[in-house]
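Here is how the chains run, residue by residue.
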Amino acid sequence: MAELFRMPAVAADAATAVLSAWQVAEGASFTKDDALVSIETDKAEVDVAAEQDGVLLKTLYEAGVEIEVGDPIAVLGAVGEQAGDLDALLAGLGVVAPGEAPKAVRRDVPEEPVAQPAAAPASGAPERGGRIFSSPLARRLAREAGLDIEALTGTGPGGRIVRRDVDAAVAARRTPEPQPAPTPAAPPAAAVPRTAAPADTGAHEDIPHSRMRRAIARRLTESKQHTPHFYLRATCAVDELLALRQRINAVSPVKVSVNDLLIKAVATAHTQVPEMNAVWQPDAVRRFSAVDVSLAIATGTGLVTPVLRGIENLSVSAIAARTRAYAEQARAGALHPADLEGGSITVSNLGMYGVEEFAAIINPPQAAILAVGAARDEAVVRDGAVTVAKVLGVVLSVDHRPVDGAVAARWLAAFTEAVENPVRLVV
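Keep in mind it's a predicted model, so treat the numbers as computed, not measured.

1. Concerning the overall build of the protein
Along the protein, the regular secondary structure elements total 9 helices and 18 strands. Counting all 427 residues of the protein, 42% fall into the buried class. Contacts in the protein between residues at least 24 apart in sequence constitute 64% of all its contacts with a sequence separation of at least 6. Approximately 22,100 Å² of the protein is accessible, and the part contributed by carbon and sulfur atoms is 54%.

2. Considerations on helix H9 (residues 405-420)
A rise of 1.5 Å per residue sets the reference length of H9, with its 16 residues, at 22 Å; its end C-alpha atoms lie 22 Å apart and thus fit the reference within 8%. Restricting attention to buried positions, one finds in H9 the residues Val407, Ala408, Trp411, Leu412, Ala414, Phe415, Thr416, Ala418 and Val419. Structurally, H9 contributes buried residues whose contacts are with strand S9 (229-237), helix H6 (239-249), helix H7 (258-272), strand S16 (345-349), strand S17 (368-382) and strand S18 (385-399).

3. Concerning a nonpolar patch on the surface
A contiguous nonpolar patch, built from Val423, Val426 and Val427 and spanning about 310 Å² of accessible area, is present on the exposed surface. Looking at the element boundaries, valine 426 is found in the segment after H9.

4. Section: the nonpolar core
Grouped together as the largest cluster of nonpolar side chains are 56 residues, with contacts concentrated most on Met276, Ile311, Val394, Leu396, Trp411 and Phe415. Ranked by the residues each element gives to this core, the list is headed by H9, at 8 residues. In contact with isoleucine 311, other than residues within four places in its own chain, are Ile263, Lys264, Ala267, Val291, Val293 and Ile319. In this structure, Leu19, Val37, Val55 and Leu57 belong to the second largest nonpolar core, which totals 26 residues.

5. Remarks on the sheet that holds strand S1 (residues 3-6)
Strands belonging to one sheet form pairs held by backbone hydrogen bonds; the direction of such a pair is parallel or antiparallel. The 4 strands are arranged S1-S8-S6-S3 in an open sheet whose pairing can be described as antiparallel. Edge positions in the sheet fall to S1 and strand S3 (29-30), since each of these pairs with one other strand and no more. Note that strand S6 (residues 54-59) and strand S8 (residues 72-77) share 4 bridges and pair antiparallel. The partner of valine 55 across the bridge, within S8, is glycine 77.

6. So, the packing of H7 against H9
Contact pair H7 / H9: the axes reach a minimum separation of 8 Å and the direction vectors enclose 135 degrees. Between H7 and H9, the crossing angle belongs to the class labelled oblique. The hand of the H7/H9 crossing is right-handed. Contacts from Leu262, Ala265, Val266, Thr268, Ala269, His270 and Gln272 of H7 reach H9 at Trp411, Ala414, Phe415, Ala418 and Val419. Across the contact of H7 with H9, the residue classes tally to 9 nonpolar, 3 polar and no charged.

7. A closer look at helix H8 (residues 316-331)
When the terminal C-alpha atoms of H8 are compared, their 23 Å separation across 16 residues agrees well with the 22 Å that a helix rising 1.5 Å per residue should span. On its buried face, H8 sits against H7, strand S12 (293-295), strand S13 (297-299), strand S14 (302-304) and strand S15 (307-308). Directly beyond the C-terminal end of H8, a positive phi value near 70 degrees is found at glycine 333.

8. Overview of the sheet that holds S12
Strand order across the open sheet formed by 6 strands is S9-S18-S17-S16-S12-S15, with mixed pairing between neighbours. Of all the strands in the sheet, just S9 and S15 have a single pairing partner and so form its edges. Inspection of the sheet shows S12 paired to S15 by 2 bridges, in the antiparallel sense. When the bridges of S15 are listed, valine 293 appears paired with leucine 308. Contacting S12, S15, S16, S17 and S18, H7 crosses the sheet at an angle of about 155 degrees to S16.

9. Some thoughts on the packing of H6 against H7
The geometry of a pair of packed helices is captured by two quantities: the angle between their axes and the separation between those axes. Contact geometry of H6 with H7 gives a least axis separation of 10 Å together with a crossing angle of 110 degrees. Taken together, H6 and H7 sit at an angle that is classed as roughly perpendicular. The handedness of the crossing between H6 and H7 is right-handed. On the side of H6, the interface is formed by Leu241, Leu242, Arg245 and Ile248, while H7 contributes Val258, Leu261 and Leu262. Residues of the contact of H6 with H7, tallied by class, amount to 6 nonpolar, no polar and 1 charged.

10. Topic: the side chain of threonine 305
With respect to the helices, strands and loops of the structure, threonine 305 is situated in the loop between S14 and S15. Polar side-chain contacts of threonine 305 include one of 3.3 Å to the side chain of asparagine 363. Apart from the residues within four sequence positions on either side, threonine 305 is in contact with Ser294, Leu295, Ala296, Asp339, Leu340, Thr346 and Asn363.

11. Points about the environment of glutamate 222
Within the secondary structure layout, glutamate 222 lies in helix H5 (residues 211-226). Judged by relative accessible area, glutamate 222 falls into the partly exposed class, the value being 37%.

12. Comments concerning the pairing of S8
When you tally the buried positions in S8, you get 6 out of 6 residues, the bulk of the element. By the bridge criterion, 4 bridges tie S1 to S8 in an arrangement that is antiparallel. Residue glutamate 3 lies in a different strand from S8, and its bridge partner there is leucine 76.

13. A few points about the packing of aromatic side chains
Under the counting rule described, the total for this entry stands at 1 aromatic pair. Centroid distance tryptophan 411 to phenylalanine 415: 5.5 Å. Interplanar angle 5 degrees. Geometry classified as stacked. Of this pair, tryptophan 411 and phenylalanine 415 both sit in helix H9, 4 residues apart, which is roughly one turn of the helix. Pair check on accessibility: tryptophan 411 and phenylalanine 415 agree, each one buried.

14. Concerning the confidence of the model for the protein
Scored by pLDDT, the protein comes out at a mean of 81, with 80% of its residues at no less than 70. Throughout residues 98-129 the model reports pLDDT below 50, and contacts reaching past four residues in sequence, or to other chains, amount to 52 contacts. The model gives residues 188-197 a pLDDT under 50, and that stretch makes 2 contacts with residues more than four places away or in other chains.

Here is what the cut-offs are and how they apply
- Residues numbered from 1 in each chain as written.
- Predicted model: local features only at pLDDT ≥ 70, side-chain atom pairs only at ≥ 80, totals over all residues.
- Heavy atoms only, no water.
- Helix = DSSP H or I, 4+ residues; strand = E, 2+ residues; numbered from the N terminus.
- Buried < 20%, exposed > 50% of the residue type's maximum accessible area, 1.4 Å probe, protein only.
- Contact = heavy atoms within 4.5 Å.
- Areas by Shrake-Rupley, 256 points an atom, 1.4 Å probe, with all protein chains shown as cover.
- Expected span 1.5 Å × (residues − 1).
- Patch = residues over 30% accessible without salt bridge, like charges linked within 9 Å, V, L, I, M, F, W, Y side chains within 5 Å.
- Salt bridge = Lys/Arg side-chain N within 4 Å of Asp/Glu carboxyl O.
- Core = buried A, V, L, I, M, F, W, Y, C linked by side-chain atoms within 4.5 Å.
- Pairing = 2+ DSSP bridges.
- Axes fitted to C-alpha atoms, helices over the stretch in contact; angles between N-to-C directions.
- Parallel < 35°, antiparallel > 145°, perpendicular 65-115°, else oblique.
- Left-handed = near helix turned anticlockwise from the far one by under 90°.
- Nonpolar A, V, L, I, M, F, W, Y, C, P; charged D, E, K, R; others polar.
- Polar contact = N/O pair within 3.5 Å; in protein donor to acceptor, adjacent residues only side chain to side chain.
- Phe/Tyr/Trp six-rings, centres within 6.5 Å; stacked < 30°, edge-to-face > 60°.
- pLDDT = per-residue confidence, 0-100.

Written as structure tokens, this is what we have:
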């Protein structure tokens, strides 16, 4: 029996999601737990699995379209079922076939379909009749690019304007082409800057922004603009930490990294200075009882920050196992939005790249982010004598709204103490 497959609510607060890719072709069979479709949200790309065996009779949207949660995106059938009369099937399910959907009407162009979308004119665009169908993503991209959404021609189902139409219009605007004759009211020199743009003369490639990349850019820009950052720096001696790691790895079922030990040190500091385990809310400072720490992981599509939960009660080897699992899921695109929500602090480590020190941007709404550099040999004074020791630089970026400077200083002192005397991390 054919049934509709609707856009799932992969994130609790998402009203829409982008259909990133179909994992099963039309007419192909699938089994339970096979990935049917990849859905992209602001935080991650998620594969949606089949709940039972079946066949994909009809897809209602192509990849790249932003769709409201709950809207039909495909028709599924039982194993061995044939599509038959698709129009009748869709009508029976109460869905308008994509080819019969209401068509956006343009009075300034013929009714025939246009192969390439037209860029918005500078001014004086003719009025259009009828309803203009466009995805929310296309409207936002057009607004950001300075395009008039009503001047574009949609190539989506039923003439709907989708992301690729906006991307094509942006690309067309950047492609050098003969300039139309200026109107009498236009200044004669107006066309000169457009034909002499040096930025477009070199060989280059424009990579369209993914939904995740736009979300990263928006959130971090908002963080720097609206979150009052302040920064504390410390240098930790890590000779004993490295020696402890070597002893742990001799008996641990999971290989423990330096970063795993540092995450445990964050939990220790949060336990000793609970005022840091908080986030800013419009009406209050929300303080947490459990220690949840985000881990920054670089992927091919952007930075993700899955949350390690309740790490104050986890052993170092358990933390190591969870970080490995998250890293594998992140690089396979298998993280769920729920994995990325929560936490009051993030740990970002660039030490493996030889970076000695950097200051990171706070991941809102968290209160802090700890930037970790590489361990290096450095001359230090111990008991009045100069000696060589392994040291590691960290920079703590803090939101000054929920956390005062003195609180952050006590936290950083507790973290440094835990790193330099690491036996407390395993007791």
